[in-house]
Amino acid sequence: MKVLLATDKPFAAVAVDQIKSIIDGNDLEFVKLEKYTEKQQLLDAVKDVNAIIIRSDIIDKVVIEAAKVLKIVVRAGAGYDNVDLQAATENNVVVMNTPGQNSNAVAELAFGMMIYMARKKFDGSSGTELKDKRLGLHAFGNVSKNMARIAHCFGMEILAFDPFLTSDQIAEYGVKAVNSVEELYSSSDYISLHIPANAQTKKSINQELLQNLPKGATIVNTARKEVIDEDGLLELMAVREDIRYVSDIAPDRIADFNEKFASRVFFSPKKMGAQTSEANINAGLAAARQIARFFKEGDTTFKVN
Ligand code: 3PG
């Protein structure tokens, strides 16, 4: 059985070595494709493999149909919006993710970006502190739980909205659940997005919702660029000169954001929330182990299709 590690944005070398050891140790064959520039390279690489480990790499219908003997795709990470689940299911391909494995890395990056904006992008002028500010967590999954842990140490007041959890489940983490998404946005100095990108959430962070933000609020997006209605945010930032936007996923209209609001926006050059050795090891090894268990025992824990 052949396992392909296909990562356009490579894992740290130490993680790749350990992934290979797990694959080898389970009598599977390890192959890798990193930093590819053309989709054709991926199509060629998947032809004869039985399993694929990916990150944000696009596994669409064309890729799935080119992978004639594919049995399983594991997204080493949380969000699987980059995989065509329907095409996978139609071709009897199991899709899994590795929930929670890179959450701390994403949460730490969100705090790094919050401080960077609070301190005026380190330009030497007087900034603000996180202490006593309100942090609003939009959805309360694995990343938000890490956000809450860190925010407690900063002395922030923490609020969350998650329609899939009860107030008590959120309160267990010392976080106050609010009753509506509008209430969350109107009560947050920092609003941090932790929703997946799907048909319901795409462009859902729109002008109508964002205009609830209090004066001086910062939007922190380590989720997906697709959840933001960029036209609406650009319009809002033109009239609300106090609003700031920071993200590790460059928006489609990055040129407009940078040109119009240079001091109030920041976008990292590459998506990098989960880009730490620790997160690469956690997510990559979990993916390799899940594949080994799938082939050995038929284990389908973490299947998402
Ligand atoms: C995830 O969904 O796990 C994160 O967005 C990380 O994505 P990445 O593996 O492309 O860095």
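These figures come from a predicted structure and were not determined experimentally.

Examining the domain arrangement of the protein
- Each assigned domain of the protein is listed here: domain 1 (2-101 + 276-297) and domain 2 (103-267).
- The straight-line distance from the C-alpha centre of domain 1 to that of domain 2 is 30 Å.
- The partner domain 2 presents five residues to the eight residues of domain 1 that form the contact.
- For the pairing of domain 1 and domain 2, the buried interface totals around 450 Å² over both sides, and the portion due to carbon and sulfur atoms is 42%.
- The shortest N-O distance in the salt bridge between Arg224 and Asp81 comes to 3.1 Å.
- Where domain 1 meets domain 2, there are two residue pairs in polar contact (both at pLDDT 80 or more).
- Taken together, the residues that form the side of domain 1 that touches domain 2 break down as two nonpolar, four polar and two charged.

Thoughts on the sheet that holds strand β6 (residues 134-138)
- The sheet built from seven strands is open, its strands ordered β8-β7-β6-β9-β10-β11-β12 with parallel pairing. The sheet is open, and its two borders are formed by β8 (176-177) and β12 (265-267), each paired with just one other strand.
- Pairing analysis gives three bridges linking strand β11 (residues 244-247) to β12, with the strands arranged parallel. Residue Val246 lies in a different strand from β12, and its bridge partner there is Phe266.
- Seen against the sheet, helix α5 (residues 103-118) touches β6, β9 (190-193), β10 (218-221), β11 and β12 and runs at an angle of roughly 145 degrees to β11.
- Those strands touched by helix α6 (residues 142-154) are β6, β7 (157-161) and β9, and its axis lies near 170 degrees from that of β6.

Digging into unusual backbone geometry
- Of note in the backbone geometry, Lys121 takes a positive phi value of approximately 55 degrees without being a glycine.
- You can see Lys121 is positioned in the loop between α5 and β6.
- Classification of Lys121 as partly exposed rests on a relative accessible area of 23%.
- Phi at Ala139 takes a positive value of approximately 90 degrees, unusual for a residue other than glycine.
- For Ala139, the location among the structural elements is in the loop between β6 and α6.
- We classify Ala139 as buried; its relative accessible area is 12%.

With respect to the site of the ligand
- Lys9, Arg55, Ser56, Arg75, Gly77, Ala78, Gly79, Asn102, Arg224, Lys271 and Ala274 make up every residue found near the ligand.
- For the ligand, an oxygen atom lies 2.7 Å from a polar atom in the side chain of Lys9.
- Out of a free accessible area of 320 Å², the ligand has 95% covered by protein chains.

A few points about helix α12 (residues 277-297)
- Between its first and last C-alpha atoms α12 spans 29 Å; for 21 residues at 1.5 Å apiece the expected length is 30 Å, and the two agree.
- Listing the buried residues of α12 in full gives Ala279, Asn280, Ala283, Gly284, Leu285, Ala286, Ala287, Ala288, Gln290, Ile291, Ala292 and Phe294.
- Turning to α12, the residues buried within the fold contact β1 (2-7), α1 (13-25), β3 (51-54), β4 (72-75), β5 (94-97) and α5.
- The first or second residue beyond α12 is Gly298, which carries a positive phi of 70 degrees.

Section: the packing of aromatic side chains
- Enumeration over the complete set of coordinates arrives at eight aromatic pairs.
- Ring centres 5.5 Å apart and planes at 70 degrees place the aromatic pair Tyr245 and Phe267 in the edge-to-face group. Pair noted here: Tyr245 is in strand β11 and Phe267 is in strand β12, with a separation of 22 residues, a long-range link.
- A relative accessible area of 1% means that Tyr245 is categorised as buried.

What counts, and where the lines are drawn
- Residues numbered from 1 in each chain as written.
- Predicted model: local features only at pLDDT ≥ 70, side-chain atom pairs only at ≥ 80, totals over all residues.
- Heavy atoms only, no water.
- Domains from an automatic or database assignment.
- Contact = heavy atoms within 4.5 Å.
- Buried area = accessible area lost by both parts, 1.4 Å probe.
- Salt bridge = Lys/Arg side-chain N within 4 Å of Asp/Glu carboxyl O.
- Polar contact = N/O pair within 3.5 Å; in protein donor to acceptor, adjacent residues only side chain to side chain.
- Nonpolar A, V, L, I, M, F, W, Y, C, P; charged D, E, K, R; others polar.
- Pairing = 2+ DSSP bridges.
- Helix = DSSP H or I, 4+ residues; strand = E, 2+ residues; numbered from the N terminus.
- Axes fitted to C-alpha atoms, helices over the stretch in contact; angles between N-to-C directions.
- Buried < 20%, exposed > 50% of the residue type's maximum accessible area, 1.4 Å probe, protein only.
- Near = heavy atom within 4 Å.
- Areas by Shrake-Rupley, 256 points an atom, 1.4 Å probe, with all protein chains shown as cover.
- Expected span 1.5 Å × (residues − 1).
- Phe/Tyr/Trp six-rings, centres within 6.5 Å; stacked < 30°, edge-to-face > 60°.

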